[in-house]
Amino acid sequence: MTNTYRYLPDTEQDQKEMLEYLNVSSVEDLFADIPSNIRLEGELDIPEADPEPVLRKKLNKMSAKNINADQYSTFLGAGTYDHYIPSVVDHMISRSEFYTAYTPYQPEISQGELQAMFEFQTMVCELTGMDVANSSMYDGFTSLAEAASLAVASKKRSKVLVSRGVHPESRAILNTVAKGQGYAVEEVGLDTDITDLKQLQSQLGKDTAAVIIQYPNFFGSIEDLAEIKKYANEQGALFIVSANPLALALLQSPGKLGADMVVGDMQPLGIPMAFGGPHCGYFAVDKKFMRKIPGRIVGQTNDDQGNRGFVLTLQAREQHIRRDKATSNICSNQALNALASAVCMTALGKHGIRQMAQQNFEKANYMANLLQSKGFIVKNKSAFFNEFVVELPLPVKEVNEKLLESGIIGGYDLGEAYGEQKQMLIAVTEQRSKEEIDQFVECLEAVVNG
Amino acid sequence: MVEYNDLIFEISRPGRVGYSLPESDVESIDLESKLPKHLIRDEEDAADLPEVSELQLVRHYTALSNKNHGIDNGFYPLGSCTMKYNPKINEDIARLPGFSRIHPYQQPETAQGALELLYNLQEELAVITGMDAISLQPSAGAQGEWTGLMMVKAYHEKNGENRKKVLVPDSAHGTNPASASVAGFETTTIPSNKDGLVDLEELKKYLDSDTAALMLTNPNTLGLFETEIEEIAAVVHEAGGLLYYDGANANAILGKTTPGAMGFDIVHLNLHKTFTTPHGGGGPGAGPVGVKENLIPYLPVPRIEKDGEKYVLNSNYPLSIGRVKGYHGNFGILVRAYTYIRTMGTEGLRQVSEGAVLHANYLRKRLEEHFDSPYTQLCKHEFVLSGSRQKKLGVRTLDMAKRLLDFGYHPPTIYFPLNVEEGLMIEPTETESKETMDAFADAMIQIAKEVEENPDIVLDAPHTTVVGRLDEVQAARKPVVRYTKEKDSEKEKQTVKS
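Residues numbered from 1 in each chain as written. Chains lettered and ligands numbered in written order. Predicted model: local features only at pLDDT ≥ 70, side-chain atom pairs only at ≥ 80, totals over all residues. Heavy atoms only, no water.

1. Regarding the overall build of chain A
Here is the rule: What counts as a helix is a DSSP run of H or I of at least four residues, what counts as a strand is a run of E of at least two, and both are numbered from the N terminus. Only protein chains enter the accessibility calculation, which uses a 1.4 Å probe. A residue is then buried if its area is under 20% of the maximum for its type, exposed if over 50%, and partly exposed in between. To measure how exposed things are, a 1.4 Å probe is used in the Shrake-Rupley method; for residues, cover is taken only from the protein chains shown.
Looking only at helices and strands, one finds 14 helices and 17 strands in chain A. Counting only C-alpha atoms and orienting by the principal axes, one finds that chain A spans roughly 80 × 55 × 50 Å. Sorting the 450 residues of chain A into buried and exposed places 66% on the buried side. Total accessible area on chain A stands at roughly 15,100 Å², and carbon and sulfur atoms take up 47% of it.

Given below as structure tokens:
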């Protein structure tokens, strides 16, 4: 008799030999320690297995029910972007020596992963202008929440201030996390498209552990970090910046502008949108927090022959050593996506990343100007990177339905998160050609003019 | 083979590129016309990313991959991590443009296939765990634990109680107490009995009106089934506490029993263990959470539901603990797990656990004579040996683990759980053949002999890896956690000197 399942190697003969060796008559005997009361009666009520070709067809069909960015021209951003991913990225992360490995606890046979993470950490430090970066977090949002918790713990203060210019989901997760840890989260309002600095100043106090700002913010606008740092400093609060790593190719690094911690998501650099995940959080800090930051860190050292090698280091911070005293409960991270991102940054290199960022900036500005020339109102008063908000005469939801008919995925509806049903957040990446932008504007005109 | 030890930064040369972008087709704009100077990053200040050609990039990462051991390279019996085969079709399906090139904020009407997959996965995981509802949001086991504990907190608060204490057995994974602490609880460790199981009488002493929950893994981290689980559940519930199931070891029970049947109220699963999604060198994983009926109101939002023939997102749950992860969780991982479950079906999943348990018992018996085996009852999907016999001869478990590297094996989990001296935790998984397990057993037995006859070969191991034992103390004392150019010039100086 042949086996039914291709992942299961035991033949009848193998099973027989092992059972005989164990001196039991059936596999069932090996489950005798599960009390009969709690044994499953009958089978799990899930559909039967599909052979590979059948399953492939079914799942292909299921995936085809989703419209995707290969078929449509997309202007949706709001934290997840359609960017150029060099072909080499997927080829390199598909080396199964990388993707079928576990966390590199045995450094002698994990030098590849460890070195790649060491290089990733270096690249994150370069972009953010910080001293130390870990080897990734779940995503930018949870990374921000971890930074807030770390600030509260190290300042021994009870409150963090977060701008309403920070991604709404990031604020939502921060609220959930803060509830667990028992600190307060206060939001700082907006002055049109950027953080209201007067409000910030009035909310800041000696109980403020940190001020949290997004750079560029959720509306694409570029906040003046230097100014905000001054206010934070006056009250001795830490300064946490959540930054788009692509934008950091052109914008002054948060590190130079006084950030104590910089967090964000590497998705714009080499990671597919994939319906929102897995992406890859990053976490970079000033060296004074090195021994407190969450997650895994790779460090350089030598072997017994004096050769350079890499190991997981500063593990005394982590849950498997500290248990309930750990600074965070994080264990798994997003290593493979950090690798994707490192490969992408390597491919783009020092100049490519600037060129790509510059195109984002120029294309978004081109589109905003074009819209303005057609009579649309662009809400951003400050300079913006690759996203901006446009006011429409109709609800965004209606407009997007019409745009879809022309093969365009429109922008993000600010209705649910900000109560602005007629404001659309539009992202323009280097992937959008002038032709696509022009077509979008034309369609938009047609839609709003009925 | 040429030895390759360069960092990507060391092979970088100004002017080389590894990408191709079209020229901009819109007018160029000077950043300075829009932004104050202090917010602009000048060319001199540019992030110093490497400059290499595409082939150099490929050679670099290929060389690195050659210095890495994955499941595809060889046996990986890392206990508690379920290092089973990661199927290739899972990778293909996750990369379909209809799954990988879709945006989380697309209108649900335009992402019905993705939502259908998530909905089906929720339904199937609910059956597999015996729970009433599932949230797919958490990105990993630890985040699942924390999500579950936040629900525990919300549940007790709703009942007007402020219970502060979470109990964990001494064999628990480190994330259990860490997650409890992050969720605002205090952890109390309860001792195991001589059989490696929860001591029911001891447990009773710890239960009181301050007990929020007991966290358990079953089979536990020793690979042993908690045979008194029904009684445990009863006493915890009697004290008003909830029972939390850490699904790290779910590979042992598929189709045999469910956490729901055992009396658990909350479950998390590690899809990167039981459900074959790759560990990726440390992640990404996924840690869905399941609950019984009475905890459904507290699940994270948005929830994925079916309304007639349509799949929708619903955030209208006022008692929800809120959002725990961006968007819809680690979707790409969820796609892989779903593909696997569809590949195996009911019968296949049952055979998975049967194979896992048969293999663990077989391998344990093959090794029992040569190593101390602190627990002798049936084991489930994994078992723990002790290296204390070898320690007496001056060789520690760490040394034996390093010696295994010379045989081409990834060593078992060592020094865990904490309640076994010189522990070796071995999980062969169902996807390994008998020949592989036999060869591994032979290697282990040979090492046990070496410890007696020629301990130096074990003490000096590994002998065949690209680096020898690394100085972890130096790494932690004088941390070098990034590359800096200065290092380069120092190195040149040193080279000049020598």
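More follows now that the structure is in view.
2. Regarding the domain arrangement of chain B
All names here are of chain B. For the record, the criterion: An automatic or database domain assignment supplies the start and end points of every domain. In what follows, a contact means two residues having at least one pair of non-hydrogen atoms within 4.5 Å. In this description, buried area is defined as the sum, over both parts, of the accessible area (probe of 1.4 Å) that is lost when the two are combined. By salt bridge we mean one thing: a side-chain nitrogen of Lys or Arg within 4 Å of a carboxyl oxygen of Asp or Glu. Think of a polar contact as two N or O atoms within 3.5 Å of one another; within protein, one of them needs to be a possible hydrogen donor and the other a possible acceptor, and neighboring residues in sequence only count if both atoms come from side chains.
With domains assigned, chain B is organised as domain 1 (4-67), domain 2 (88-344) and domain 3 (353-469). Once you take the C-alpha centre of each, domain 2 and domain 3 turn out to be 31 Å apart. With 24 residues of domain 2 in contact, the opposing surface of domain 3 contributes 19 residues. Summed over both sides, the interface of domain 2 with domain 3 buries roughly 1,600 Å², with 55% coming from carbon and sulfur. Looking at the side of domain 2 facing domain 3, the largest losses of area belong to Leu222, Leu224 and Asn251, adding up to 34% of the total buried there. Counting across the domain 2 and domain 3 interface gives 1 salt bridge. Taken together, domain 2 and domain 3 are joined by 8 residue pairs in polar contact (both at pLDDT 80 or more).

3. Considerations on the sheet that holds strand β12 (residues 423-426) of chain B
Residues and elements named next belong to chain B. Basically, it comes down to this: Whether two strands pair comes down to DSSP finding at least two bridges between them.
Overall, antiparallel pairing links the 3 strands, which are arranged β10-β12-β11 in an open sheet. Every interior strand has two partners, whereas the edge strands, β10 (383-386) and β11 (413-414), have only one. Relative to β12, β10 runs antiparallel, the two being bridged by 4 bridges. Within β12, the residue paired with Leu385 across the bridge is Leu424.

4. Quick look at the interface of chain A and chain B
Of the residues lining the interface, 187 residues belong to chain A; the matching set on chain B comes to 198 residues. A combined buried area of about 17,500 Å² lies between chain A and chain B, and 60% of that area is made up of carbon and sulfur atoms. On inspection of chain A and its partner chain B, the count reaches 18 salt bridges. Here Lys363(A) and Asp25(B) are joined by a salt bridge, their closest N and O atoms 3.2 Å apart. On inspection of chain A and its partner chain B, the count reaches 109 residue pairs in polar contact (both at pLDDT 80 or more). In terms of residue count, the dominant contributor to the side of chain A that touches chain B is helix α11 (residues 335-373) of chain A (25 residues).

5. Thoughts on the domain arrangement of chain A
All names here are of chain A. For chain A, the domain assignment lists domain 1 (73-84 + 351-449) and domain 2 (87-344). The straight-line distance from the C-alpha centre of domain 1 to that of domain 2 is 28 Å. Counting from both sides, the interface comprises 28 residues of domain 1 and, opposite them, 27 residues of domain 2. Summed over both sides, the interface of domain 1 with domain 2 buries roughly 2,300 Å², with 64% coming from carbon and sulfur. When residues of domain 1 are sorted by the area they lose upon contact with domain 2, Ile353, Phe385 and Tyr418 head the list and together hold 28% of the total.

6. A word on the pairing of strand β11 (residues 297-302) of chain A
All names here are of chain A. Of all 6 residues in β11, 5 are buried; the element is thus mostly enclosed. Pairing of β11 with strand β12 (residues 308-313), which is carried by 6 bridges, proceeds in the antiparallel orientation. Residue Gln300 lies in a different strand from β12, and its bridge partner there is Phe310. Connecting β11 to the antiparallel partner β12 that follows it, the hairpin turn spans 5 residues, and Gly306 within it adopts a positive phi of roughly 85°.

7. Topic: the UniProt feature "domain: Glycine cleavage system P-protein N-terminal" (unreviewed entry) in chain A
Condition: UniProt positions are given in the numbering used here, feature names are shortened, and annotations may be inferred rather than shown by experiment.
The positions UniProt marks with the feature "domain: Glycine cleavage system P-protein N-terminal" (unreviewed entry) are residues 6-443 of chain A. Annotated as residues 6-443 of chain A, this span is 38% helix and 16% strand, and its ends, taken at the C-alpha atoms, are 51 Å apart.

8. Describing the UniProt feature "modified residue: N6-(pyridoxal phosphate)lysine" (unreviewed entry) in chain B
Residue and element names in this part refer to chain B. Those places that UniProt annotates as "modified residue: N6-(pyridoxal phosphate)lysine" (unreviewed entry) correspond, in this numbering, to Lys273. With respect to the secondary-structure elements, Lys273 resides in the loop between β6 (266-269) and β7 (289-291). A relative accessible area of 8% places Lys273 in the buried class. The residues touching Lys273, leaving out its near neighbours within four places in the chain, are Ser80, Cys81, Thr82, Lys84, Ala248 and His279. Within the structure, the side chain of Lys273 is placed 3.0 Å from the backbone oxygen of Ser80, a separation counted as a polar contact.

9. Overview of helix α5 (residues 141-158) of chain B
Cut-off, in case you're wondering: To estimate how far a helix should extend, the number of its residues minus one is multiplied by 1.5 Å.
Over its 18 residues, α5(B) runs 26 Å from end to end, which matches the ideal 26 Å to within 8%, given 1.5 Å per residue. Extensive coverage of α5(B) is indicated by the burial of 16 of its 18 residues.

10. Concerning the UniProt feature "domain: Glycine cleavage system P-protein N-terminal" (unreviewed entry) in chain B
Here, UniProt's "domain: Glycine cleavage system P-protein N-terminal" (unreviewed entry) annotation points to residues 31-300 of chain B. The annotated region residues 31-300 of chain B carries 33% helix and 12% strand content, and the separation between its end C-alpha atoms amounts to 42 Å.

11. Focus: the pairing of strand β3 (residues 159-163) of chain A
All names here are of chain A. Convention followed: Here, the term right-handed applies to a crossover whose path from the first strand over the helix to the second runs clockwise when the strands point away from the viewer.
Taking burial as the measure, the 5 residues of β3 include 5 buried ones, the bulk of the element. In β3, alternate side chains face the same way, and those of Lys159, Leu161 and Ser163 on one face and Val160 and Val162 on the other are all buried. In this sheet, strand β4 (residues 184-188) lies alongside β3 in parallel orientation, the contact comprising 5 bridges. The residue of β4 that forms the bridge with Val160 is Val185. For the crossover from β3 across helix α7 (residues 168-181) to β4, the handedness is right-handed. Sheet topology places β3 next to strand β7 (residues 208-215); 4 bridges connect them, and they run parallel. What sits directly across from Lys159, in β7, is Thr208.

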